[in-house]
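Working through the structure, step by step
So the chains spell out like this:
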Amino acid sequence: MSRQQRKNGQMEHDTVRALSRGLDVLETLETRDGMALHELHRITTLPKPTLLRLLSTLERRGYVSQRLADGCWRRTSRGRISAASEAKEQLLDCSTSVLHDLCRDIAWPSDVGVYREGTMEIIESNRTLTPLAIAPVPVGLRVSLLGSGLGRAWLAYCGDAERQQAIAAACQVANRSAPRQSIDAVLEHTRRKGYGCRATTGVPAPIGQGDIGIAVPILSTGRLLGCVNIVWRSSAMSEAAFARRYLSRLQQAAQTIGAKISEGRTALRARATS
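An account of the accompanying structure is given in this report.

What counts and how
Residues numbered from 1 in each chain as written. Predicted model: local features only at pLDDT ≥ 70, side-chain atom pairs only at ≥ 80, totals over all residues. Heavy atoms only, no water. Helix = DSSP H or I, 4+ residues; strand = E, 2+ residues; numbered from the N terminus. Contact = heavy atoms within 4.5 Å. Areas by Shrake-Rupley, 256 points an atom, 1.4 Å probe, with all protein chains shown as cover. Expected span 1.5 Å × (residues − 1). Buried < 20%, exposed > 50% of the residue type's maximum accessible area, 1.4 Å probe, protein only. Arc of directions from axis to C-beta. Pairing = 2+ DSSP bridges. Axes fitted to C-alpha atoms, helices over the stretch in contact; angles between N-to-C directions. Salt bridge = Lys/Arg side-chain N within 4 Å of Asp/Glu carboxyl O.

**Some remarks on the overall build of the chain**
Check the secondary structure of the chain and you find 8 helices and 8 strands. Taking as baseline every contact in the chain between residues at least 6 positions apart, the subset at least 24 positions apart corresponds to 57%. About 14,500 Å² of surface is accessible on the chain, with carbon and sulfur atoms providing 52% of the total.

**Description of unusual backbone geometry**
Positive phi outside glycine occurs at threonine 45, with the angle close to 65 degrees. Mapped onto the secondary structure, threonine 45 falls in the loop between helix 2 (37-44) and helix 3 (48-60). The residue threonine 221 is not glycine, and still its phi comes out positive at about 45 degrees. Structurally, the position occupied by threonine 221 is in the loop between strand 7 (211-220) and strand 8 (223-233).

**Structural notes on helix 7 (residues 180-193)**
Taking 1.5 Å as the rise per residue, helix 7 with 14 residues should run 20 Å; its terminal C-alpha atoms sit 20 Å apart, in good agreement. Those residues of helix 7 that fall on the buried side of the exposure criterion are Ile183, Leu187 and Thr190. Along the long axis of helix 7, the arc covered by the buried residues comes to 55 degrees, so they all point the same way. Facing away from the buried surface of helix 7 by more than 90 degrees, the exposed residues are Gln181 and Arg192. Here the buried face of helix 7 lies against helix 5 (149-157), helix 6 (160-174) and strand 6 (196-197). Downstream of helix 7 by a residue or two, glycine 194 has a phi angle that is positive, lying close to 90 degrees.

**As for the environment of aspartate 24**
With respect to the helices and strands, the residue aspartate 24 is situated in helix 1 (residues 3-29). For the pair aspartate 24 and leucine 40, spaced 16 residues apart in the sequence, the C-alpha separation amounts to 10.0 Å.

**Concerning the pairing of strand 3 (residues 111-116)**
Here strand 3 runs beside strand 4 (residues 119-125); their pairing, made up of 6 bridges, is antiparallel. Of the residues in strand 4, the one forming a bridge with glycine 113 is isoleucine 122. Here strand 3 pairs with strand 8 via 2 bridges, running antiparallel. Bridging from a neighbouring strand, valine 112 pairs with valine 228 of strand 8.

**What about the packing of helix 5 against helix 6?**
In contact at an axis separation of 8 Å, helix 5 and helix 6 are set at 145 degrees when each is read in the N-to-C sense. Contacts between helix 5 and helix 6 involve Trp154, Leu155, Ala156 and Tyr157 on the former and, on the latter, Glu162, Arg163, Ala166 and Ile167.

**Structural notes on the pattern of salt bridges**
On inspection of all chains with the given rule, the structure shows 18 salt bridges. Among the salt bridges present, the one from aspartate 111 reaches arginine 127, with a minimum N-O distance of 2.7 Å. Residue aspartate 111 is located in strand 3, and its partner arginine 127 is located in the loop between strand 4 and strand 5 (142-144); the two are separated by 16 residues in the primary sequence. Residue arginine 127 is classed as buried on the basis of its relative accessible area, which comes to 10%. Taken together, the shared-partner salt bridges connect Asp33, Lys88, Arg116 and Glu121 into one network.

**Examining helix 6**
The end-to-end C-alpha distance of helix 6 is 21 Å, a good match for the 21 Å that 15 residues give at a rise of 1.5 Å each. Residues of helix 6 that are buried include every one of Arg163, Ala166, Ile167, Ala170 and Cys171, and no others. All buried residues of helix 6 lie within an arc of 135 degrees about the axis, which places them on one face of the element. Opposite its buried face, helix 6 presents the exposed residues Ala161, Gln165 and Gln172, each directed more than 90 degrees away. Lining the buried residues of helix 6 we find strand 3, helix 5 and helix 7. Where helix 6 ends, the next residue or the one after it, asparagine 175, has phi of about 55 degrees, a positive value.

Following this line, the structure appears as structure tokens:
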């Protein structure tokens, strides 16, 4: 065998081994919503420098991304076939860069939430990026559907049948009933303002005492996928003053996320028909 043949054989072997390792990483990430580098190292036994190179390559190709909230690596929606998690994964795929830019522009942090079983589940947050005194939130935290800004924004813009089921589920989670007339009034007020805001009485802040947020829906081709907020310290300024200053920037962020998701779906359909 010539030197060139041995060299080609070695290159092919290295390529196949790198592909195999990359698939191992993807399969490992499939088992959880997110995984830290040290967890991937422990499970795959691959050296951390090798893992970082593989993750960087997979990230450039759109198969993985690193969450802002906790730095964990996760599978993106690319290549997934589960319809149940499609909306959540698409939100994660398209919101991370938008949240990064939003926090850079205004300093106050933001969270993205999706509806889940009578609550709003935090799936992404840029609170780790803010220089301001706002407590971080863990990914997976569930907040009140009826009392949080995220929940009120979601209820105000979802469909009627979905809203009725969600309110019933939220009351069951809270183990209390809520007057429908009162809820309807809150949601109508939310629509008039153009954003949801956390209840200031009766619903304690889930993490940082004094933190408050305004939230708007994330829509893609008319479909409600989730909500995004901006959180600030209630002692810093009033709700009205904060909304005057930052609501339009928050709405722009929500529209950008929705547009990214729509573009991704269009590109996917184009590839499927080509």
